[in-house]
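Take a look at the letters that make up each chain.
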Amino acid sequence: MGAIDVWAQQPNALFQSQPWLATLNRWTGKTGDEPLVTTARTLAAMDDGGVDITILSAWCGPRGWLITNEEVAAACAEAPDRLRGLLSVDLNDPMGCVRTIREQAQNPAFVGVRVVPWLWDLPPNDRRYYPVYVACVEAGLPFCTQIGHTGPLCRSEPGRPIPYLDDVLLDFPELKVVGGHVGYPWMDEVFSLARKYPNFYVDTSAYTVKRLPPSLVDFMKGQGAGRVLFGTNWPMISPKHALAGLDDLGLDERARGLFLEGAARKVFRLAA
């Protein structure tokens, strides 16, 4: 059984120089001056961890682009059978967001859109997101975001699921939404949304399976089977390290398959 990693990126020098990475570097024992992540290095980590497909993310913030859509597309073109992309948009330019999604969606490498709320300090029910949601629905692309507390030195409030994502899911019942980074410490809010909205999913990026909240593991074993997707936040965590101890979760064959790849194939429309 293979796996699909739904949250990864290949940081460039500009991304790695961001001051808000200091906290994450301290947690993970990095210095901030590590070698840049090449496609070859990503593929090697995938092979080592048993990952078939990795979805690389572009990053855009209020001060401009950190990892461009073009950089992601170029990386995907190096390994089209193994890599897909999530495009990003500039919320400062609402019509530009719509045009970007319509144009980039023509590239089959792109399978979704990601905006990170803490980077903008804007919760996902802010009016600047709404053209993005319309364009995602039109293009048939899921919207991927971050939920829960923020590791970088930025406010965590934009990642609180209720009321922010609750509003979005009410207003856009056709939009698939993937909340990355688990959602801790607001796990009850995460489960409430997942039970209420069939188009809301959670991914485990930035967590190893050993660190997953027990309540999330219980959810994956029952009602939440098929609603939780595997992610790493590579290169913060390697796939092999993220999946170490998977057998100890006690997932049955169906729940395990949905977690590792089945749910991701459905959400991102990836052929088996």
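Every chain is numbered independently, its residues counted from 1 as its sequence is written. For a predicted model such as this one, the threshold for reporting local features is a pLDDT of at least 70, and the threshold for listing and counting side-chain atom pairs is 80 or more; totals across whole chains, interfaces and linings nevertheless cover every residue. Here the side-chain values reflect all heavy atoms present in the structure, with hydrogen atoms and water set aside.

A.B. asks: So what exactly am I meant to see when it comes to the overall build of the protein chain here?
C.D. replies: Scanning the protein chain for helices and strands turns up twelve helices and ten strands. The atom set for the radius of gyration is the C-alpha atoms, and the globule formula is 2.2 Å times the number of residues raised to the power 0.38. What you see for the protein chain is a C-alpha radius of gyration of 17 Å, in line with the 19 Å of a compact globule of 272 residues. Its C-alpha atoms give the protein chain principal-axis dimensions of about 45 × 45 × 35 Å. Scored against the burial criterion, the 272 residues of the protein chain give a buried share of 60%. It only takes one pair of heavy atoms within 4.5 Å for two residues to be counted as in contact. Restricting to contacts in the protein chain with at least 6 residues of sequence separation, those with at least 24 account for 78%. Across the protein chain, 26 positive and 30 negative side-chain charges occur, with their mean positions spaced 2 Å apart. Secondary structure elements follow DSSP: runs of H or I no shorter than four residues count as helices, runs of E no shorter than two count as strands, and numbering proceeds from the N terminus. Only protein chains enter the calculation, and the probe is 1.4 Å; a residue is then buried if its accessible area is under 20% of its type maximum, exposed if over 50%, and partly exposed in between. For this count, His and the chain ends are skipped, Lys and Arg are scored as positive, and Asp and Glu as negative. The location of each charge is read from NZ of Lys, CZ of Arg, CG of Asp or CD of Glu.

A.B. asks: Sorry if this is basic, but what is going on with the pattern of salt bridges here?
C.D. replies: Close approach of charged atoms allows side chains with opposite charge to pair. Any carboxyl oxygen of Asp or Glu within 4 Å of a side-chain nitrogen of Lys or Arg constitutes a salt bridge here. What the rule picks out here adds up to nine salt bridges. Glu189 is paired through a salt bridge with Arg160; the nearest N and O atoms lie 2.6 Å apart. Here Arg160 lies in the loop between strand E7 (143–146) and helix H8 (164–171) and Glu189 lies in helix H9 (residues 187–196), a separation of 29 residues in the sequence. Residue Arg160 is classed as partly exposed on the basis of its relative accessible area, which comes to 28%.

A.B. asks: Honestly, the environment of Arg269 in this entry has me stumped. Any pointers?
C.D. replies: Relative to the assigned elements, Arg269 resides in the segment after helix H12 (253–267). Judged by relative accessible area, which is 58%, Arg269 ranks as exposed. It is 28 Å that separates the C-alpha atoms of Arg269 and Lys210, two residues lying 59 residues apart in sequence. For Arg269, the residues in contact, after removing those within four places along its chain, are Ala139, Gly140 and Ala264. Polar contacts, as used here, are pairs of N or O atoms within 3.5 Å; protein pairs need one atom able to donate a hydrogen and one able to accept it. Residues neighboring in sequence count only if both atoms are side-chain atoms. Within the structure, Arg269 has its side chain in polar contact with the backbone oxygen of Gly140 (distance 3.1 Å).

A.B. asks: For this particular structure, what's the right way to read the layout of surface pockets?
C.D. replies: If a probe as big as a water molecule is rolled over the atoms, it shows which places are left empty. One number sums up the size of the largest pocket: a volume of about 620 Å³. Lining of the largest pocket is provided by 33 residues; of these, Leu21, Leu24, Thr28, Asn233 and Met236 occupy positions nearest its centre. Going through the elements one at a time, helix H1 (13–16) and helix H2 (22–28) are the ones with two or more residues in the lining of the largest pocket. Broken down by element, the residue count for the lining of the largest pocket peaks at four residues, all from H2. When residue character is reported, Ala, Val, Leu, Ile, Met, Phe, Trp, Tyr, Cys and Pro are called nonpolar, Asp, Glu, Lys and Arg charged, and the others, Gly included, polar. Grouping the constituent residues of the lining of the largest pocket by class yields 16 nonpolar, 13 polar and four charged. Cavity: a set of points on a 1 Å grid over the protein atoms alone where a 1.4 Å probe fits but cannot get out. Pocket: an open set with protein on both sides within 12 Å along at least five of seven lines, its lining residues, like those of a cavity, having an atom within 4 Å of a point. Along the walls of the second largest pocket sit 13 residues, with Gln18, Trp20, Pro62, Arg63 and Leu119 positioned nearest its centre. For the lining of the second largest pocket, the leading source of residues is strand E4 (residues 64–67), giving three residues. Grid points are joined across faces, edges and corners, and a volume is the space filled by probe spheres set on the points.

A.B. asks: When you look at the environment of Leu66 in this model, what are you seeing that I'm missing?
C.D. replies: Positionally, Leu66 belongs in strand E4. It is 16 Å that separates the C-alpha atoms of Leu66 and Thr100, two residues lying 34 residues apart in sequence. Those residues in contact with Leu66 that lie beyond four places of it in its chain are Asn12, Leu14, Phe15, Gln18, Trp20, Trp59, Glu71 and Leu119.

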